[in-house]
Amino acid sequence: RIVYLNGDYLPEDEAKVSVFDRGFLFADAVYEVTSVLDGKLIAFDGHVQRLQRSCDELGIKYTVDADALLEIHRELVARNEVTEGMVYLQLTRGNPGDRDFVYPPEDTPVTLVLFTQHANLLNNPKIETGMKVITVEDQRWARRDIKTTQLLFPSMAKMMAKAEGVDDAWMFEESAITEGSSNNAYIVKNGKIITRHLGNEILHGITRAAVLKFAKMAQMEVEERAFTVEEARDADEAFITSASTFVMPVVEVDGKPLGDGKPGSVAARLREIYLDESLKQAV
Ligand code: PLP
């Protein structure tokens, strides 16, 4: 695989980052994952805009050059012959040459890494069966709106789900669902789509924004508010959204089947609209 590191395209085993890099020592790093369909990038603008916001919120001095980043994404997609998959981008506060909690001077160069992954996104078998989730207490830090690489708790939550024989964990705080381990969470009750409102408690999903826009355009009723674990277990249907899963049905919460236990029609419809519209705008 050819990866990108600070201006160079390199074979993956030649791409090296310092042990003193703040991304490695402090998880002082932000990231984005953009999906690739038909060799094209989905929702690219949204991802680079969020990257800028993450940097700004953390005081990482970096000005996104969307055209330059698009070029790097395209180059990697081409060199690695990705028709379907993802491009992962990570940007760290760089390498101060030592370990120090204090940030290095602002002119310290950031570390920028990108790589591709091949994946079967469209024909994910979970579309047919739906996903099963458990709920676990959200033990992440309080700025989940910033897309940092501090992913240990989501990783632990995913392992708890695996240990229970299910697909993912939905996290909750004060008995209200925040989001999935790596996705935004939705329930449908009496025809209404309910998903948590934006705030510091969840990541502002790029897929979420698009899906809610399309739902409203299709005259579907949307309510952005916190919903409880109880409401999730009692929903008519449920689903998740993320860059790599698009819209995926959830058919079971904490061992309780939702509705008839099969993927719901709202999720199916939104997936179709999302894929249609996103492919039209892919770059
Ligand atoms: N919430 C969390 C915690 C995530 O890690 C992600 C990203 O994959 C999402 C939500 C979905 O965001 P997006 O639609 O931008 O991929």
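Relevant structure appears above.
Residues numbered from 1 in each chain as written. Predicted model: local features only at pLDDT ≥ 70, side-chain atom pairs only at ≥ 80, totals over all residues.

Enquirer: Is there a simple way to think about the overall build of the chain in this case?
Expert: Within the chain one finds 8 helices and 15 strands. Since a compact globule built from 283 residues should have a radius of gyration of about 19 Å, the 19 Å found for the chain is in line with a globular shape. Along the first, second and third principal axes, the C-alpha set of the chain runs to 55 × 40 × 35 Å. Pairs at least 24 residues apart make up 71% of the contacts formed inside the chain by residues separated by at least 6 positions. (Helix = DSSP H or I, 4+ residues; strand = E, 2+ residues; numbered from the N terminus. Rg over C-alpha atoms; globule rule 2.2 N^0.38 Å. Contact = placed C-beta atoms within 7 Å.)

Enquirer: So what exactly am I meant to see when it comes to the pairing of strand E3 (residues 29–37) here?
Expert: Look at any regular strand and the pattern is simple: side chains alternate between the two faces of the sheet. In this sheet, strand E5 (residues 85–92) lies alongside E3 in antiparallel orientation, the contact comprising 8 bridges. For Val30, the partnering residue across the bridge sits in E5 and is Leu91. As defined by bridge partners, E3 adjoins strand E4 (residues 40–41) across 2 bridges and the pair is classed as antiparallel. Bridge assignment links Val36 to a residue of E4, and that residue is Leu41. Hairpin connection of E3 to E4: 2 residues between the antiparallel strands, including Asp38 at a positive phi of 60 degrees. (Pairing = 2+ DSSP bridges.)

Enquirer: What should I look at first to understand helix H3 (residues 66–79) in this one?
Expert: Along its 14 residues, H3 runs 20 Å from first to last C-alpha, staying within 8% of the 20 Å computed at 1.5 Å per residue. Where H3 is concerned, the buried positions are Leu69, His73, Leu76 and Val77. Around the axis of H3, the buried residues are gathered within 100 degrees of arc, so they sit on the same side. Within H3, the exposed residues directed more than 90 degrees away from the buried face are Asp67, Ala68, Glu71 and Ala78. The inward-facing, buried residues of H3 contact strand E1 (2–5), E3, E4, helix H2 (44–58), E5 and strand E6 (111–118). Phi for Glu81, located one or two positions after H3, is positive at around 50 degrees. (Expected span 1.5 Å × (residues − 1). Buried ≥ 20, exposed ≤ 12 C-beta atoms within 10 Å, placed from the backbone. Arc of directions from axis to C-beta.)

Enquirer: Could you clarify how one ought to interpret the site of the ligand in this entry?
Expert: As a structural note, the neighbourhood of the ligand is formed by 13 residues, with Leu203, Gly205, Ile206, Thr207 and Ala243 the closest of them. When contributions to the shell around the ligand are tallied by element, the ones reaching two or more residues are helix H6 (206–217) and strand E13 (237–242). Residue composition of the shell around the ligand, by class: 4 nonpolar, 7 polar and 2 charged. (Near = placed C-beta within 6 Å. Nonpolar A, V, L, I, M, F, W, Y, C, P; charged D, E, K, R; others polar.)

Enquirer: Is there a simple way to explain the sheet that holds E4 in this structure?
Expert: Within a sheet, neighbouring strands are paired by backbone hydrogen bonds and run either parallel or antiparallel to one another. Here we have 6 strands laid out as an open sheet, ordered E2-E1-E6-E5-E3-E4, and antiparallel in their pairing. Of all strands in the sheet, those with a lone pairing partner are strand E2 (8–11) and E4, marking the two edges. In this fold H2 packs onto E3, E4 and E5, with an angle of close to 175 degrees to the strand it touches most, E3. (Axes fitted to C-alpha atoms, helices over the stretch in contact; angles between N-to-C directions.)

Enquirer: In this structure, what is going on with unusual backbone geometry? I would like to understand it.
Expert: Leaving glycine aside, a negative phi is the common case for residues, and trans is the common case for peptide bonds. For Asp38, which is not glycine, the phi torsion reads 60 degrees and is therefore positive. The residue Asp38 is located in the loop between E3 and E4 in this model. For Asp38, a count of 10 C-beta atoms within 10 Å corresponds to the exposed category. If you check the backbone angles, Ser175 has positive phi at about 65 degrees while not being a glycine. Within the fold, Ser175 resides in the loop between strand E8 (168–173) and strand E9 (176–180). Its 13 C-beta neighbours within 10 Å are what place Ser175 among the partly exposed residues.

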